[in-house]
Amino acid sequence: MTISVPPVRRVVAWAAWDWGGAAFNAVITTFVFTVYLTSDLFVDPALPAGSAAFRGAKADLSTRLGLWLAVAGLVVAVLAPVLGQRSDATGRRRRPLAIGTAVVVVAMLAMTLVRPTPSAFLAGVLLVAVGTIAYEVATVHYNAMLPAVSTPRSIGRISAVGWAAGYLGGIVLLLLLYVTLIPQGPQLLHLPQADGLGVRLCALVCAVWAAVFAVPVLLAVPDERPAADLPRRGILSAYRKLGADVAHLWRTDRPLLGFLVASAVFRDGLTGVFTFGAVIASTVFGFGFGQVLIFGVAANVVAGASTLVSGRFDDRFGPKAVIVTALTGLVITGLAVFLARGAGQGAFWICGLLLCVFVGPAQSASRSLLARLAPPQRQGELFGLYATTGRVATFLAPALFAAFTGLAGDQAYGVLGIVAVLAAGLLLLLPIRTRAAVRA
């Protein structure tokens, strides 16, 4: 049963899901659990520490993690447009959002059983992959709710509120875990750290966190009426329609199609900034695990604040202007990180936080622009296509990061790979005319 609530409370309820999602994004996939999985704890203890075989085995952990996440991305690419079409036809957003969130929560609960042994690595990485699939599918329906909690004049600010809530939720949760459970932190609870207990309990806290903050949106944001002219389709029929829709966009709305392509590229670059930021901090600038987490908190503070501010610029000047400005700033600052590779940790703090100034606004304005361009009766379908095109390009940043690193034999050069992806997305976006297609 839906509770009738004022618009402001509805926005808060919607943004709470992003706040809760930080448990999976910031803790599980970025700063804690994947770092745990690729640590020395999962390398065969029979291998001499520091030996070539040991280093090779540890590198293999990262490769296997990347492979399974690529598989997860492929699954999302297959599922997202079909599920988006079905939600448009039925008008139901809350049920698939609830199911996706529940799967993420269960996956995080299961992570508490992943002990630090080589035999447990596969189970751990599979849980991350399953959680990633469920989270991305849930996000399709969450994003499609944006027009229901905003107006054409406020959609940029509301989108920014959601992104900022995610960043701020990450700040609070990372700080909470850092002072209580994270190894190398103050560990105020004084729990034993044997068998990776601290990290495994972090997964438990994350599961509870995500579940609690998912409740408001399920109660406060109503489903829409089913679209009268959109029939429910099976899988094959949905993909035939997807192909027809792409062809139709090519003939009738190339700005929207062009944006989907450009955003697929630059969003992968944005993901690469956070995915490999911790790697660069630790391997190139010498950050310890605790320092990486503190930087993560600071990064979320900066990104959250800049995203909130950017929402007003989005509504005043348009989302494309915000995206172009942010991507230009990211390219320049990314080059600065590379040039500062021998300048010490202070240089990374400055350049890394400058990167975070631009990441959030680009993400928020990208969602805002699609919500403005998409017809109301096709929000779920087009956000599903948005997720699909984004997943099609997910190999770009990891591949170029690895290519630049391998060719140079130095991980600092991987930054140039990420910069190249961001620059390519910017160049693809620049010629696209979006203002005339955006509803006033």
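Residues numbered from 1 in each chain as written. Predicted model: local features only at pLDDT ≥ 70, side-chain atom pairs only at ≥ 80, totals over all residues. Heavy atoms only, no water.

Visitor: What is the right way to read the packing of helix α1 (residues 7–31) against helix α7 (residues 197–220) from this model?
Guide: Axis angle and axis distance: for two packed helices, these are the angle between their axes and the distance between the axes, and together they describe the pair. The contact between α1 and α7 brings their axes to 7 Å, and the two run at 160 degrees. Classified by the angle their axes make, α1 and α7 are roughly antiparallel. Note on packing geometry: the crossing formed by α1 with α7 is left-handed. Only Ala203, Cys206, Trp209, Ala210, Phe213, Ala214, Pro216, Val217 and Ala220 of α7 make contact with α1, whose side of the interface consists of Arg10, Ala13, Trp14, Ala16, Trp17, Trp19, Gly20, Ala23, Val27 and Ile28. Here the residues of the contact of α1 with α7 sort into 17 nonpolar, one polar and one charged. (Axes fitted to C-alpha atoms, helices over the stretch in contact; angles between N-to-C directions. Helix = DSSP H or I, 4+ residues; strand = E, 2+ residues; numbered from the N terminus. Parallel < 35°, antiparallel > 145°, perpendicular 65-115°, else oblique. Left-handed = near helix turned anticlockwise from the far one by under 90°. Contact = heavy atoms within 4.5 Å. Nonpolar A, V, L, I, M, F, W, Y, C, P; charged D, E, K, R; others polar.)

Visitor: What should I look at first to understand the nonpolar core in this one?
Guide: When a protein is soluble and globular, its nonpolar side chains tend to lie buried together. Among the nonpolar cores identified, the biggest contains 112 residues, and Trp14, Ile28, Phe33, Met108, Met111, Phe259 and Leu429 are the most heavily contacted of them. Ranked by residues supplied to this core, first place goes to helix α9 (residues 254–283) with 13 residues. Not counting residues within four places of it along the chain, the set of residues in contact with leucine 429 comprises Phe259, Ala262, Phe266, Lys320, Ile323, Val324 and Leu327. Counting residues in each nonpolar core, the second largest holds seven residues, with Ala80, Ala129, Val137 and Val140 among its members. (Core = buried A, V, L, I, M, F, W, Y, C linked by side-chain atoms within 4.5 Å. Buried < 20%, exposed > 50% of the residue type's maximum accessible area, 1.4 Å probe, protein only.)

Visitor: What exactly am I supposed to notice about the environment of cysteine 351 here?
Guide: Turning to its location among the elements, cysteine 351 is positioned in helix α12 (residues 345–373). Residue classification places cysteine 351 among the buried positions, given a relative accessible area of 11%. With sequence-adjacent residues up to four places away left out, cysteine 351 is seen in contact with Thr333, Ala336 and Val337.

Visitor: Where do I start with α1 in this structure?
Guide: Since the α-helix packs 3.6 residues into each turn, any two residues three or four apart lie on the same face. Counted at 1.5 Å a residue, the expected span for α1 with its 25 residues is 36 Å, and the 34 Å between its end C-alpha atoms agrees. The largest bend in α1 is about 35 degrees, located at glycine 21. (Expected span 1.5 Å × (residues − 1). Bend = angle between axes of the 7 residues up to and from the residue.)

Visitor: Can you walk me through the packing of helix α11 (residues 319–339) against α12 in this structure?
Guide: Contact pair α11 / α12: the axes reach a minimum separation of 8 Å and the direction vectors enclose 155 degrees. In terms of orientation, α11 and α12 fall into the roughly antiparallel class. For the pair α11 and α12, the sense of crossing is left-handed. When the residues that make up the contact of α11 with α12 are grouped by side-chain class, the tally is 17 nonpolar, six polar and one charged.

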